[in-house]
Amino acid sequence: MALTGIQIYKLLPKTNCGECGVPTCLAFAMNLAAGKAELAACPYVSEEAKAELADAAAPPIRVVEIGIGERKLKIGGETVLFRHEKTFLNPPGIAVLVTDEMGDEEVAGHLDRFKALEYERVGLTLRADLIAVKSLSADGGKFEALVSKVKNETDAGIILMTEDPSVMEAGLKASADRKPLIYPATKENADRMAGLAKEYGCPLAVKGDGLDEVSELTTKLTEGGLKDVVIDSGARGVRKALEDQILIRRGALLKKYKPLGFPTIALPCEMADDLVQEALIASIFVAKYGGIVVLSDIQGHTLFPLLLARMNIYTDPQRPMATSPGIYEIGGPNEDSPVLVSCNFSLTYFIVSGEIETSRVPAWLVIVDTEGLSVLTAWAAGKFVGDAVGMSLKKSGIMDKVRHKKVVIPGYAAAISGDLEEELGDWEVLVGPRESAHIPAYLKEWSA
Amino acid sequence: MAFEIPKISYNGAIKEIPLGKEANHMIVGGETCYPFYLFEGSMPHPPKIAMEVYDAPPEDWPQAALEPFADVVQDPAAWAQKCVASYGAEMLALQLASTDPNAQNTPAEQAVEVTKKVAAAIEVPLIVWGSGNLEKDTEVLKMIAEECAGENLILGPIPEGSYKALGAASLAYQHTIAASTPIDINLAKQLNILIGNLGVPDKCILVDPTVAGLGYGLEYCYSVMERDRMAALTQEDERLQFPIVCNLAKEVWKVKEARISEEEAPLLGDPLKRGVLLEAMTALLLLLAGGDILIMRHPDAIQLVRGFINDLMAN
Ligand code: B12
Ligand code: SF4
């Protein structure tokens, strides 16, 4: 819970020395409450007050980091129940499982797919984040060897999975510098797992049988000084697991219930026995509050849809992703190359430019400022209409770059062709295909 | 301290809408909680899946989607029967795509014929969906309403531009309508008010919020549906308390990633499973956002989603 200015004031030295840049402690407190100042600006604030203020300012769901460097994954920190209320912040990590009872080839297959399956979309790289290494044999040496292999062959964040603390320690020895997530601390092993988490400085996941047991476990861990905790409620039926996710999120946000104020981990790999089913279960937890989803394996056809789901649910609903308007040269166009026009919704831009590239026909793509709206949406909103598009084309300078006088508009915007011709004078407006997938075939036929 | 479940107080419920012919009514709606939040409310009628049938052989479907229906695409009535007999379809959706002036522009009379044949071939509730061209849909759906009087078809899309003509026709000839607005909760509410003012009874109204496929605008539809349910269930917004229909299959299967071969895009994996999963995942996310009726295409995707409806409802 945020503190009010008056509550903060009570914790300050009340000497009004002015060193923080404002004349009084009260003014400083007000600024702090409004988020306009940093506590560090006051050199005299007591350690006690610092702790209290930090505690009060802590987000209702702790941010937990797993892994290091470029591959560091941040989960938690969410502040809303529904994405339209603000936005969901930290996309859930997607983890792929390997176990020490898999053959070398099977492990290699999992690791290869983990490395190979990545996709460029709207200028972002989409891929899985973590590898979950599980000990089934209870053999510390085997576990350590597998963890080392995963660490050496990938830059993935790692989840170490075993309930046996001595096996866990073997895995930690091999990978602690990668800051792996330790999974799980249970009622039986919590003390020793907590000890390991402290010793190696790694986040720790608890697994309980229901939310009461989970709460007891997390309370025990935090009382012992651990902060970076992740929750597995233990449920493996879809309905119950969904319910738990919802209650955990609500508990943290609506009740400020600290024992549940942590990101969660869900295990579709233990809830189905087929990759397609697992991907669907994972999508439920992408929508509803999962912090990590663990899959038993990935294939292009299962990972790609899941990555799309994650991207969709975690885009900021307040502002569409937009590209800058202007002329884009694709494939080194010349004065006889076709001119195409589209809107500046990022998704549209990337799809259309991708298709033009695929066609291998060099072309000019003129992007009109539609405030980030898609073609039809912009048309309906009056932003992709004849005079506006015509004006943008003229201003863009494209007319000096080509010898011909033809422009291709999106098939869905066919209705603007009359107005656009009028606006452009002696230019010819060609109505292109509706779906961008047909652009390559269309461009191959195009001639100036 | 034991964890006390933070419940939300609902003060509204989704209306129950009877679909199909009177003798074998099927009911949708009735929810008193957010989708599948069964720990604090009920969903007396699990969401339904309507299988697509096209009025003419589809020209642009990828192989994966076409294959199960290859033997029946020439004959919409046989196609409809196959959906029921082979795939256990609980509802059907006849897509009048060929009526589109930008496609074959088939005349309204022909659409009426096809609709009658399909309606006669099956017992389950039938959705009849226009091409999306306002003028043509108004003409076609009006004629269908008249000629199929008393069938209680579900006619859609009924946007603001045609609600008067089509609302009146469905009222006169006893059909249900899918009130259609472009992903905007205020427009949806407004249209429901207008349709109500025409005299169309509440039990004949469904909402089509407009949907998009995974990766192609789904996030907007997802949030509008969540807001719709929030207003209906927690803010007593009576004019939004209608079941939601999601015409999703045609959005999913038109996109590149649902069509491209494995040779062209090896990282996208198996094209059949990929298409099926894109459809099933779109459907599942729309169910979580509040969908009551999903219009779907591929039998495998439908089977997967049915399984999830069961799992999410299971005790
Ligand atoms: C998501 C969405 C929105 C989002 C905006 C998303 C965005 N950033 O644009 C929101 C919710 C904000 C929105 C708002 C509105 N929307 Co809207 N929206 C959609 C929806 C569901 C998907 C659009 C989308 O993202 N498509 C994906 C992108 C990639 O498509 P695209 O830009 O068209 O590009 C494709 C093709 O056009 C082609 N292409 C693109 N460029 C080029 C160039 C060339 C040369 C060629 C050949 C091809 C080509 O390639 C792409 C892939 O195939 C559609 C319905 C649907 N299912 O499609 C309705 C839709 C576009 N919206 C519609 C409307 C009416 C509106 C509103 C006016 C409603 C209102 N009154 O509030 C507002 C207007 C916005 C405003 N005033 O601010 C209508 C348009 C109706 C019409 N035919 O005119 C639609 C079709 C829904 C409907 N059936 O009624 N919308
Ligand atoms: S520096 Fe600290 S003690 Fe001095 S006025 Fe500012 S808040 Fe008060």
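The structure we're discussing is the one just above.
All figures in this text were calculated on a predicted structure; none of them were measured in a lab.

What counts, and where the lines are drawn
- Residues numbered from 1 in each chain as written.
- Chains lettered and ligands numbered in written order.
- Predicted model: local features only at pLDDT ≥ 70, side-chain atom pairs only at ≥ 80, totals over all residues.
- Heavy atoms only, no water.
- Helix = DSSP H or I, 4+ residues; strand = E, 2+ residues; numbered from the N terminus.
- Rg over C-alpha atoms; globule rule 2.2 N^0.38 Å.
- Buried < 20%, exposed > 50% of the residue type's maximum accessible area, 1.4 Å probe, protein only.
- Contact = heavy atoms within 4.5 Å.
- Areas by Shrake-Rupley, 256 points an atom, 1.4 Å probe, with all protein chains shown as cover.
- Lys, Arg positive; Asp, Glu negative; His and termini not counted.
- Charge placed at Lys NZ, Arg CZ, Asp CG, Glu CD.
- Near = heavy atom within 4 Å.
- Nonpolar A, V, L, I, M, F, W, Y, C, P; charged D, E, K, R; others polar.
- Buried area = accessible area lost by both parts, 1.4 Å probe.
- Salt bridge = Lys/Arg side-chain N within 4 Å of Asp/Glu carboxyl O.
- Polar contact = N/O pair within 3.5 Å; in protein donor to acceptor, adjacent residues only side chain to side chain.
- Axes fitted to C-alpha atoms, helices over the stretch in contact; angles between N-to-C directions.
- Parallel < 35°, antiparallel > 145°, perpendicular 65-115°, else oblique.
- Pairing = 2+ DSSP bridges.
- Phe/Tyr/Trp six-rings, centres within 6.5 Å; stacked < 30°, edge-to-face > 60°.
- Lys NZ or Arg CZ within 6 Å of the ring centre and 35° of its normal.
- 1 Å grid on protein atoms, 1.4 Å probe; cavity = no way out; pocket = protein on both sides within 12 Å on 5 of 7 lines; lining within 4 Å.
- Points joined across faces, edges and corners; volume = space filled by probe spheres on them.

What chain B contains, in helices and strands, is 10 helices and 10 strands. In summary, chain B has a C-alpha radius of gyration of 19 Å against a globular reference of 20 Å for 315 residues, a match within 12%. Seen through its C-alpha atoms, chain B measures out along the principal axes to roughly 65 × 55 × 35 Å. When burial is assessed residue by residue, chain B has 61% of its 315 residues classed as buried. Considering only residue pairs separated by 6 or more positions, chain B has 69% of its internal contacts joining residues 24 or more positions apart. Looking at chain B as shown, the accessible area adds up to about 11,400 Å², and 49% of this sits on carbon and sulfur atoms. Charge-centre separation for chain B: the mean point of 23 positive side chains lies 2 Å from the mean point of 43 negative side chains.

Check the secondary structure of chain A and you find 16 helices and 17 strands. The proportion of buried residues among the 448 residues of chain A is 55%. The long-range share in chain A, meaning contacts at least 24 apart out of those at least 6 apart in sequence, stands at 66%.

A few words now on the site of ligand 2. By nearness alone, every residue bordering ligand 2 is listed as A:Pro13, A:Thr15, A:Asn16, A:Cys17, A:Gly18, A:Glu19, A:Cys20, A:Cys25, A:Phe28, A:Cys42 and A:Pro43. Residues belonging to the shell around ligand 2 are distributed by class as follows: seven nonpolar, three polar and one charged.

Residue-level contacts link 51 residues of chain B with 53 residues of chain A. Summed over both partners, the interface of chain B with chain A buries about 4,800 Å², with 68% contributed by carbon and sulfur atoms. If you look at where chain B meets chain A, you find six salt bridges. Between A:Glu435 and B:Lys254 there is a salt bridge; the shortest N-O distance is 3.8 Å. Here chain B and chain A share 18 residue pairs in polar contact (both at pLDDT 80 or more) between them. Going through the elements one at a time, α7 (218-234), α9 (271-289) and α10 (299-313) of chain B are the ones with two or more residues in the side of chain B that touches chain A. The biggest single contributor to the side of chain B that touches chain A is α9(B), with nine residues.

A few words on the side chain of B:Ser180. Locating B:Ser180 in the fold gives a position in strand β7 (residues 176-180). Beyond its immediate chain neighbours, meaning those up to four positions away, B:Ser180 contacts B:Pro157, B:Ile158, B:Pro159, B:Glu160, B:Leu191, B:Asp208 and B:Thr210.

Moving on to the pattern of salt bridges. All chains considered together, the criterion is met by 41 salt bridges over all chains. Between A:Glu355 and B:Lys256 there is a salt bridge, with its nearest N and O atoms 3.1 Å apart. With one member in each of two chains, A:Glu355 in helix α12 (residues 346-359) and B:Lys256 in the loop between α8 (249-253) and α9 form a pair that bridges those chains. Residue class for A:Glu355 comes out buried when judged on its relative accessible area of 4%. As a salt-bridge pair, B:Glu151 and B:Lys21 come within 3.6 Å of each other at their nearest N and O atoms. Of this pair, B:Glu151 sits in the loop between α4 (134-147) and β6 (154-158) while B:Lys21 is found in the loop between β1 (16-19) and β2 (26-29), placing the two residues 130 residues apart along the sequence. Overlapping salt bridges bring together A:Lys134, A:Asp232, A:Arg236 and A:Glu270 as one network.

Looking now at unusual backbone geometry. In this model, A:Tyr183 is joined to A:Pro184 through a cis peptide bond whose omega is -10°. Following the sequence through the fold, A:Pro184 ends up in strand β8 (residues 181-185). Following B:Gly156, the chain continues into B:Pro157 via a peptide bond in cis, with omega recorded as -5°. Residue position: B:Pro157 is located in strand β6. Even without a glycine there, the phi angle at A:Lys256 is positive, about 50°. Of note, A:Lys256 is situated in the loop between α9 (238-254) and β11 (265-266).

All right, on to the packing of α4(B) against helix α5 (residues 163-173) of chain B then. The angle between the axes and the distance between the axes are what describe a pair of packed helices. Residue and element names in this part refer to chain B. Where α4 meets α5, the closest approach of the two axes is 9 Å, and the angle between their N-to-C directions is 10°. Classed by the angle they form, the pair α4 and α5 counts as roughly parallel. Residues Asp137, Thr138, Leu141, Lys142, Ala145 and Glu146 of α4 form the contact with α5, whose participating residues are Ala165, Leu166, Ala169 and Tyr173. Of the residues that constitute the contact of α4 with α5, the class distribution is six nonpolar, one polar and three charged.

Residue and element names in this part refer to chain B. Pairing within the open sheet is parallel, and its eight strands lie in the order β8-β7-β6-β5-β4-β3-β10-β9. A single partner strand is all that each edge strand has here, and the edge strands are β8 (205-208) and β9 (245-247). Each strand axis lies, on average, 25° off the axis of its neighbour in the sheet, ignoring direction. Relative to the sheet, helix α2 (residues 76-87) contacts β3 (48-54) and β4 (91-95), its axis offset from that of β3 by approximately 150°.

Let us now look at the side chain of A:Asn189. All names here are of chain A. With respect to the element layout, Asn189 can be found in the loop between β8 and α7 (190-200). A relative accessible area of 7% places Asn189 in the buried class. A polar contact is formed between the side chain of Asn189 and the backbone oxygen of Glu163, at a distance of 2.9 Å. Sequence-distant contacts of Asn189, that is, excluding residues within four places in its chain, are made with Glu163, Pro165 and Pro184.

Residue and element names in this part refer to chain A. With respect to topology, eight strands assemble into an open sheet ordered β10-β9-β8-β7-β6-β3-β12-β11, the strand pairing being parallel. Pairing within the sheet leaves two strands with one partner each, and these edge strands are β10 (229-232) and β11. Across four bridges, the pairing between strand β3 (residues 93-99) and strand β12 (residues 292-295) is parallel. Residue Val96 lies in a different strand from β12, and its bridge partner there is Leu295. Helix-sheet contacts for α7 involve β8 and β9 (204-207), and the interaxial angle to β8 is about 165°.

Bringing the packing of aromatic side chains into the picture now. The description of an aromatic ring pair rests on the distance of the ring centres and on the angle between the ring planes. For the coordinates displayed, the defined rule picks out 15 aromatic pairs over all chains. What links up through ring pairs into an aromatic cluster is the set A:Phe82, B:Tyr10, B:Tyr34, B:Tyr37 and B:Phe39. Across from the ring centre of A:Trp446, 5.9 Å away, lies the NZ or CZ of A:Lys406, which sits over that ring. In this arrangement the basic side chain of B:Arg297 is found over the ring face of B:Trp61, its NZ or CZ atom lying 3.8 Å from the centre.

All right, on to the site of ligand 1 then. For ligand 1, the set of nearby residues contains 37 residues, the closest of which are A:Ser342, A:Thr348, A:Ser374, A:Trp379 and A:Glu435. Those chains with residues close to ligand 1 are chains A and B. In this structure, A:Val375 approaches ligand 1 through a main-chain N or O atom, which is 2.9 Å from an oxygen atom. In this structure, an oxygen atom belonging to ligand 1 sits 3.4 Å away from a side-chain N or O atom of B:Asp184.

Tallied over the full model, the rule gives seven cavities of 30 Å³ or more. Approximately 150 Å³ is the volume found for the largest cavity. For the largest cavity, the lining is made up of 16 residues, of which A:Thr315, A:Met321, A:Phe345, B:Glu219 and B:Tyr220 are closest to its centre. Contributions of two or more residues to the lining of the largest cavity are made by α11 (300-314) of chain A together with α7 of chain B. When the residues that make up the lining of the largest cavity are grouped by side-chain class, the tally is nine nonpolar, four polar and three charged. Lining the second largest cavity are 16 residues, and of these A:Glu78, A:Arg249, A:Pro263, A:Thr264 and A:Tyr289 sit closest to its centre.

All names here are of chain B. One way to put it is that α7 packs onto α9 with a least axis distance of 8 Å and a crossing angle of 25°. In terms of orientation, α7 lies roughly parallel with respect to α9. When α7 is examined against α9, the residues Leu218, Tyr222, Met225, Glu226 and Arg229 are found in contact with a partner set consisting of Thr282, Leu285, Leu286 and Ala289. For the contact of α7 with α9, the per-class residue count stands at six nonpolar, one polar and two charged.

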